[in-house]
Amino acid sequence: MAPASDAVPVGTLPPVGEIPSRMFAQLVRQDRFGDPRTAFQVEEVDTPAPGPREVLIAVMASGINFNNVWAARGTPVDVIAQRQRGGDPNDFHLGGSDASGIVYAVGEGVERVAVGDEVIVHPGWWKDDDPWIVAGKDPIIAPSARIWGYDHDRNFGSFGQFAVAQEHQVLPKADHLTWEAAAAPTLVGTTAQRMLFGWAGNTVMKDDVVLVWGGSGGLGTQAIQLVKQAGGIAVAVVSSADKGEYCVGLGAEGYIDRTEFDHWGIPPHWTDGPGQKEWTGAARAFGGKLWEIVGKGRNPAIVFEHPGEDTIPTSIFVCEPGGMVVVCAGTTGYSAMVDLRYHWVRQKRLQGSHGTNDEQAIAYNDLVRAGAIDPCLGQVSAFDEIGEVHGQMAEGKLSFGNAAILIGAPTTGLGVSDS
Ligand code: NAP
């Protein structure tokens, strides 16, 4: 029999430190995999307890990320089955990889975070006894590394009234931001920080040109601002003029409208001479648009990639010799083609990047706290709309920038705090 419910209504909180045994959460189950609009359903579950070096957070607001579109679809990974293989007894996915909230309890050994702290959470999750990490290597590359609120072993991300995170993930919330603005950008912002500054030999330097795909999206808005902060020159790629103007408002030097081109996807095989010639002409024309913005002969030192299959060949083509195409996703597909003839001769780098480590997350969060980076909160929705908002994201219909969901917090608007 289900225990009697002491869950508090969504939009309210018990006194700090008082923890109900039950809570409301938006769950995905395997028999609902598919359209995010129906995969997510509000259910009641036991409130989790923090284990050693873990922190229990009353979630005020949660950010929305594309990873929970994938989780709701059950592809490319069935995160519930993966978690169960790791020993998780639950038959649901409680996702959500961005949170702002208040610490309600701390587990054994937590020293840096206290009950009552106002915090955000970064999404890098790993086991600190992982031999890779014990050896002093980058923890987010470790075999145990996962993305919190997506595929991490523990379940209980930010789409419930209470979430559990590891102490090292928990960082101070920017005082000047509302709960919803603070919740919105950390996953995409920290990912962008790693992509742009995490790969020694190819980090953004003053006056570097950086091509940013999806400039008005979650990752793109943060990347444009980070490039500008470092003295680089960001050029956005978008699918409409209003998105392009929005990127210019964030600090992009200009934008390319990708709808003017149609050479996307896997290029003709290298043995197909005429096909190759036509494809190369289109890729050159794309590069010509870039030169109209930054000057003839100037090519990107870094290409900030996530569409994947549709765009990687063009990204590699326009990247300058010795430059880097850094990729964190394959939203349009995974069969990305690289013409090795040019790749090796021009000594370009195709670098995978995933998540964040603590150092990168702290560097990004410090910029947000200093007011140097705007979270670009474009949309705020209610708790029961989590499925709908993921559905809109899957269809590319979200407002520009980042989206957030209210859980414990009443709405205070899109941006900076009134207090
Ligand atoms: P988003 O806010 O939905 O933005 C994606 C952008 O991609 C859109 O603004 C869209 O801009 C552009 N786009 C869509 N289709 C395209 C196409 N065929 N060719 C070129 N551009 C296209 O999503 P996001 O939060 O930025 O995330 C983007 C991807 O990165 C997702 O797959 C997400 O899962 C992944 N991601 C990975 C990590 C990681 O750590 N590995 C972290 C964050 C996100 P236009 O239509 O204006 O071009």
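Source: prediction; values computed, not measured.

A.B. asks: Honestly, the site of the ligand in this entry has me stumped. Any pointers?
C.D. replies: In the neighbourhood of the ligand, 25 residues make up the surrounding shell, with Gly218, Ser239, Arg258, Cys328 and Thr331 lying closest. The side chain of Lys243 places a nitrogen or oxygen atom 3.2 Å from an oxygen atom of the ligand. Gly355 places a polar main-chain atom, nitrogen or oxygen, 2.8 Å from an oxygen atom of the ligand. In the complex, 85% of the free accessible area of the ligand, which totals 920 Å², lies under the protein chains.

A.B. asks: What's the story with the sheet that holds strand 1 (residues 22-29) in this structure? I'm lost.
C.D. replies: Strand pairing in a sheet relies on backbone hydrogen bonds, with the paired strands running either antiparallel or parallel. Spatial ordering of the open sheet is given by 2-1-4, a layout of three strands whose pairing is antiparallel. Every other strand in the sheet has two partners, leaving strand 2 (40-46) and strand 4 (92-93) as the edge strands with one partner each.

A.B. asks: Explanation requested: the pairing of strand 5 (residues 99-106) in the structure shown.
C.D. replies: Consecutive residues of a regular strand have side chains that alternate between opposite faces of the sheet. Across the eight residues of strand 5, seven count as buried, placing the element largely inside the fold. Bridge analysis of strand 3 (residues 54-63) against strand 5 gives seven bridges, and the strand direction is antiparallel. Residue Ala58 lies in a different strand from strand 5, and its bridge partner there is Ile102. Note that strand 5 and strand 6 (residues 118-121) share three bridges and pair antiparallel. Along strand 6, the bridge assignment pairs Ile102 with Glu118.

Calculation rules
- Residues numbered from 1 in each chain as written.
- Predicted model: local features only at pLDDT ≥ 70, side-chain atom pairs only at ≥ 80, totals over all residues.
- Heavy atoms only, no water.
- Near = heavy atom within 4 Å.
- Polar contact = N/O pair within 3.5 Å; in protein donor to acceptor, adjacent residues only side chain to side chain.
- Areas by Shrake-Rupley, 256 points an atom, 1.4 Å probe, with all protein chains shown as cover.
- Pairing = 2+ DSSP bridges.
- Helix = DSSP H or I, 4+ residues; strand = E, 2+ residues; numbered from the N terminus.
- Buried < 20%, exposed > 50% of the residue type's maximum accessible area, 1.4 Å probe, protein only.

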